Amino acid sequence: MAIVDVVVIPVGTEGPSVSKYIAEIQTKLKEFKEQGIIDYQLTPMNTLIEGDLKDLLHVVQVIHELPFDKGLDRVCTNIRIDDRRDKSRKMNDKLVSVQKQLDKNSGEK
């Protein structure tokens, strides 16, 4: 199971807000999730997507294309891949692990 941190940046929009493009991306991700292909989490600065790496790369390509489908001529997409193969971990597992360390550290003081 891999996790992809993805930021799709529509360029040349009619104004500084890109929320309508991000909303469309989230709608598409919801479709992939309902098909059981991925899980995802929107944050204020990016979207995290988890699943099989092959599927994730396909999903990134699909969401990269969405602003073009709305008439834009330029889209910049940044991706970062966390592909751990020694054990299966989900996004939430990573958060739980950090929280355990925080709890441990707060108990030591």
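Here the residue numbering is sequential within each chain, running from 1 through the sequence in written order. Two thresholds apply to this predicted model, a pLDDT of at least 70 for residue-level local features and 80 or more for giving and counting side-chain atom pairs, whereas whole-chain, interface and lining totals are computed over all residues. Hydrogens and water molecules were not included; the side-chain quantities draw on all heavy atoms of the structure.

With that out of the way, let us pick up the overall build of the protein. Counting its regular elements, the protein contains three helices and four strands. In DSSP terms, a helix is any run of H or I states spanning at least four residues, a strand is any run of E spanning at least two, and both are numbered starting from the N terminus. In the protein, the succession of helices and strands from N to C terminus is β-α-β-β-α-β-α. The C-alpha radius of gyration computed for the protein amounts to 16 Å, which surpasses the reference 13 Å derived for 109 residues by more than 25%, pointing to a less compact arrangement than a globule. On the principal axes, the C-alpha backbone points of the protein span a range of 55 × 30 × 20 Å. Whether a residue is buried, partly exposed or exposed follows from its accessible area with a 1.4 Å probe, protein chains only, as a fraction of its type maximum: under 20%, in between, or over 50%, in that order. Expressed as a percentage of its 109 residues, the buried residues of the protein come to 27%. Look at the contacts in the protein between residues 6 or more apart in sequence, and 66% of them connect residues 24 or more apart. Radius of gyration: over C-alpha atoms. The globule rule applied is 2.2 Å multiplied by the number of residues raised to the 0.38 power. Working rule for contacts: check all heavy atoms of both residues, and any pair within 4.5 Å makes them a contact.

UniProt positions are given in the numbering used here, feature names are shortened, and annotations may be inferred rather than shown by experiment. Within this numbering scheme, the UniProt entry marks residues 4-99 as carrying the feature "domain: Thiamine-binding protein" (unreviewed entry). Between the end C-alpha atoms of residues 4-99 the distance is 21 Å, and the span holds 44% helix and 29% strand.

Right, let's talk about the nonpolar core for a bit. What we call a nonpolar core is a set of buried Ala, Val, Leu, Ile, Met, Phe, Trp, Tyr and Cys residues that are connected through their side-chain atoms within 4.5 Å. Among the nonpolar cores identified, the biggest contains 16 residues, and Val6, Leu29, Ile38, Ile49 and Ile63 are the most heavily contacted of them. Of all elements in the fold, only β1 (2-11), α1 (19-34), β2 (38-42) and α2 (53-69) reach the threshold of two or more residues within this core. Take this core: its biggest share by element is five residues, from α2.

Turning our eyes to something else, we now look at the pattern of salt bridges. In the sections that follow, a salt bridge refers to a side-chain nitrogen of Lys or Arg positioned within 4 Å of a carboxyl oxygen of Asp or Glu. For the structure shown, the criterion picks out nine salt bridges. One salt bridge connects Arg80 with Asp5, and the closest N-O pair in it is separated by 2.6 Å. Within this pair, whereas Arg80 is found in strand β4 (residues 74-83), its partner Asp5 is found in strand β1, the two being separated by 75 residues in sequence. The partner of Lys20 in a salt bridge is Glu14, and the shortest N-O contact between them spans 3.0 Å. For Glu14, a relative accessible area of 63% translates into the label exposed.

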